[in-house]
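Residue-level structural notes
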Amino acid sequence: MQKDPVVQQNQEVKTATPAEGRVTRMPSRRRWLVPAVNIYETPQEFVIEAEMPGVTRDGLEVTLEGNQLTIVGRRTAETAEGRFLLRERGSGMEYRRVFELDPALDTNRVTARLEQGLLTLVLPKAQELQPRRIPVTD
Amino acid sequence: MSTQVRRYERRNASLWDQLESLQEEVDRLLDTAFAAAGSASTLWGEHAPAVDLVEEPDRLVLRVDLPGMRREDIQVTLHDGCLTVAGEMRPDDRYAQAQVHRAERVTGRFQRTISLPVAVAVDQITARYRDGVLEVVLPKAEEARPKQIQVQAD
């Protein structure tokens, strides 16, 4: 039996209505920013780092539904007065990304930390998946 | 037999998932590419973070996305009416030994130089790094601020 403890990337697909507006530079059906992520695996855990600059703890939402982990970060509103001479950051939007977790991960022990716009999620592997040293006897 | 059919369906679903992932990935890459192309000054092919420059009546506000950095790794300099934000995004040593499944975050040196459209009061510039966003506030120089001129009647 194939057992592959991976954290897969997944995403929902929703079509954007014109009213919702799109701030991407290319025509796209997406209406949120996809945060850049790094995913690491150590013998004990998976670690997901997601870049969400401008998101405070209040604007962050990490939800676990079955094996689907969703991260949503809403940027805090910045000053509305004045005019933009450069606008590349796509303000007013939210970050969103969905991950499919391996069922073998211990979802009860997931921890999240947000530091300077970088979200770090630590997903420990279930005990039985962690490497165990087996003593060799004669 | 029935398990085999189910597995086949699941494989199809995951193929669909992968196609959607691909679409998302292409969108993201294009966004990144266009952000880089649109940025003013990357002479050395360095990574250029996304910026907003807002002009308010009496000041300019520059905001730069720099997630997950240390304050001391960011340099802000003003020279000849050009503001430069530079620094280095360091990879996390903790995961140097780990297996990497995805590496989308950019590491290494970056630099962005913005030519300021108006004269600024050099000694009143403030820079603050919060929630992964660098905010530089540049009050306009006295001569660049809008002024109300009193209309006098004889």
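Conventions used here
- Residues numbered from 1 in each chain as written.
- Chains lettered and ligands numbered in written order.
- Predicted model: local features only at pLDDT ≥ 70, side-chain atom pairs only at ≥ 80, totals over all residues.
- Heavy atoms only, no water.
- Helix = DSSP H or I, 4+ residues; strand = E, 2+ residues; numbered from the N terminus.
- Contact = heavy atoms within 4.5 Å.
- pLDDT = per-residue confidence, 0-100.
- Buried < 20%, exposed > 50% of the residue type's maximum accessible area, 1.4 Å probe, protein only.
- Polar contact = N/O pair within 3.5 Å; in protein donor to acceptor, adjacent residues only side chain to side chain.
- Buried area = accessible area lost by both parts, 1.4 Å probe.
- Salt bridge = Lys/Arg side-chain N within 4 Å of Asp/Glu carboxyl O.
- Nonpolar A, V, L, I, M, F, W, Y, C, P; charged D, E, K, R; others polar.
- Pairing = 2+ DSSP bridges.

1. Some words on the overall build of chain A
Scanning chain A for helices and strands turns up zero helices and nine strands. Of the contacts made within chain A by residues no fewer than 6 positions apart, 56% connect residues no fewer than 24 positions apart.

2. Quick look at the confidence of the model for chain B
All names here are of chain B. Scored by pLDDT, chain B has a mean of 81; 81% of the residues are at 70 or more. Scored below 50 in pLDDT, residues 1-11 makes zero contacts in the model with residues more than four places away or belonging to other chains. For residues 38-43, every residue scores under 50 in pLDDT, and the model assigns this stretch eleven contacts once sequence neighbours within four places are set aside.

3. A word on the side chain of B:Arg105
The topology assignment puts B:Arg105 in the loop between strand 5 (99-103) and strand 6 (108-115). On the basis of relative accessibility, which here comes to 15%, the residue B:Arg105 falls in the buried class. Here A:Glu49 takes part through its side chain, which lies 3.0 Å from a polar atom of the side chain of B:Arg105. For B:Arg105, the contacting residues outside a window of four places in its chain are A:Ala36, A:Val37, A:Asn38, A:Glu49, A:Glu51, A:Leu118, B:Pro67 and B:Gly68.

4. Let's talk about the interface of chain A and chain B
Taken together, the contact between chain A and chain B spans 51 residues of the former and 52 residues of the latter. Summing the contributions of chain A and of chain B, the shared interface buries around 4,400 Å²; its carbon and sulfur component is 49%. When the area that chain A buries against chain B is broken down by residue, the three leading residues are A:Glu88, A:Arg89 and A:Gln116, summing to 15%. Here chain A is connected to chain B by eight salt bridges. Here A:Glu49 makes a salt bridge to B:Arg105, at a shortest N to O gap of 3.0 Å. Counting the contacts that link chain A with chain B gives 23 residue pairs in polar contact (both at pLDDT 80 or more). Of all the secondary-structure elements, those providing two or more residues to the side of chain A that touches chain B are strand 1 (8-10), strand 2 (37-41), strand 3 (45-51), strand 4 (55-65), strand 6 (83-87), strand 7 (94-100), strand 8 (111-115) and strand 9 (118-124) of chain A. Looking at side-chain class alone, the side of chain A that touches chain B contains 20 nonpolar, 15 polar and 16 charged residues. Examined bridge by bridge, strand 6 of chain A and strand 1 (residues 51-56) of chain B share four bridges and lie antiparallel to one another. By the bridge assignment, A:Arg87 is partnered in strand 1 of chain B with B:Asp52.

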